[in-house]
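This is what each chain is made of:
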Amino acid sequence: MVLEYHGNILRDRCTVEGSSRNVPTMPRRAASLCRLRRLLRPDVVWFGEAIPRTPMMLAAAAAEDCDVFLSVGTSSLVYPAAGLAQARPRAARWSSRSTRMRRT
Ligand SMILES: [Zn+2]
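Please read these numbers as outputs of a predicted model, since none were measured by experiment. (Residues numbered from 1 in each chain as written. Predicted model: local features only at pLDDT ≥ 70, side-chain atom pairs only at ≥ 80, totals over all residues.)

**With respect to the overall build of the chain**
Applied cut-off: Here a helix means four or more residues in a row that DSSP labels H or I, a strand means two or more in a row labelled E, and each is numbered from the N terminus. Buried means a residue has 20 or more other C-beta atoms within 10 Å of its own C-beta, exposed means 12 or fewer, and partly exposed covers the counts in between; C-beta atoms are placed from the backbone. Throughout, a residue-residue contact means that the two C-beta atoms, derived from backbone geometry, are no farther apart than 7 Å.
Secondary structure assignment for the chain yields 1 helix and 5 strands. The buried share among the 104 residues of the chain stands at 4%. Contacts spanning at least 24 positions in sequence make up 47% of the contacts within the chain whose residues lie at least 6 apart.

Put into structure tokens, the structure is as follows:
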């Protein structure tokens, strides 16, 4: 299962009507407009914005229910995502900052 906790940079979203669509080319060549001619933004969560409720709840449930929790490619310093690794204290964790596997 893959949850887009922080969204997807390969998708744009309209903040007015909530529609989204895949980015046709990367890197982006020009600003995209929706059917209402509104400027689209990347469909990702920026610093200071809330994580969408559905992926946040699903990720928390999956973290509590997993046998092994792998935390890869993150500093694990920014919450609430950083808190997922503590949801299952017995699960093994691995961080890209540390090459050691550790059991807590
Ligand atoms: Zn729109």
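**Considerations on the sheet that holds strand 1 (residues 7-13)**
Inclusion rule: Strands pair, by our definition, only if DSSP identifies at least two bridges between them. An axis is simply a line fitted to the C-alpha atoms; with a helix, the fit covers only the stretch in contact. Between two such axes, the angle follows the N-to-C directions and lies from 0 to 180 degrees.
Judged by pairing direction, the sheet is antiparallel, and its 3 strands sit side by side in the order 2-1-3 without closing on themselves. Each of the sheet's edge strands pairs with one partner strand only, and the pair in question is strand 2 (20-22) and strand 3 (41-44). Adjacent strand axes in the sheet meet at a mean angle of 50 degrees when their direction is disregarded. With 3 bridges connecting them, strand 1 and strand 2 associate as antiparallel partners. Within strand 2, the residue paired with Arg11 across the bridge is Asn22.

**Here we look at the environment of Ala85**
Residue placement: Ala85 occurs in the loop between helix 1 (53-65) and strand 4 (92-95). Residues Ala85 and Leu70 lie 15 residues apart in sequence; the distance between their C-alpha atoms is 8.1 Å.

**Looking at the environment of Arg37**
Within the secondary structure, Arg37 sits in the loop between strand 2 and strand 3. A sequence separation of 23 residues divides Arg37 from Cys14, and the C-alpha atoms of the two residues are 9.8 Å apart.

**Some points on the confidence of the model for the chain**
What counts, and what does not: On a range of 0 to 100, pLDDT expresses the predictor's confidence in each residue.
Of all residues in the chain, 84% attain a pLDDT of 70 or more, and the chain-wide mean is 83. The least confident element of the chain is strand 5 (residues 98-103), whose mean pLDDT is 50; the most confident is strand 3, at 95.

**With respect to the pairing of strand 1**
It is a general feature of regular strands that their side chains alternate between the two faces of the sheet. Here 4 bridges tie strand 1 to strand 3, and the two strands are oriented antiparallel to one another. For Arg13, the partnering residue across the bridge sits in strand 3 and is Arg41. Counting the residues between successive antiparallel strands, the hairpin from strand 1 to strand 2 contains 6 residues, one of them, Gly18, with a positive phi of roughly 80 degrees.

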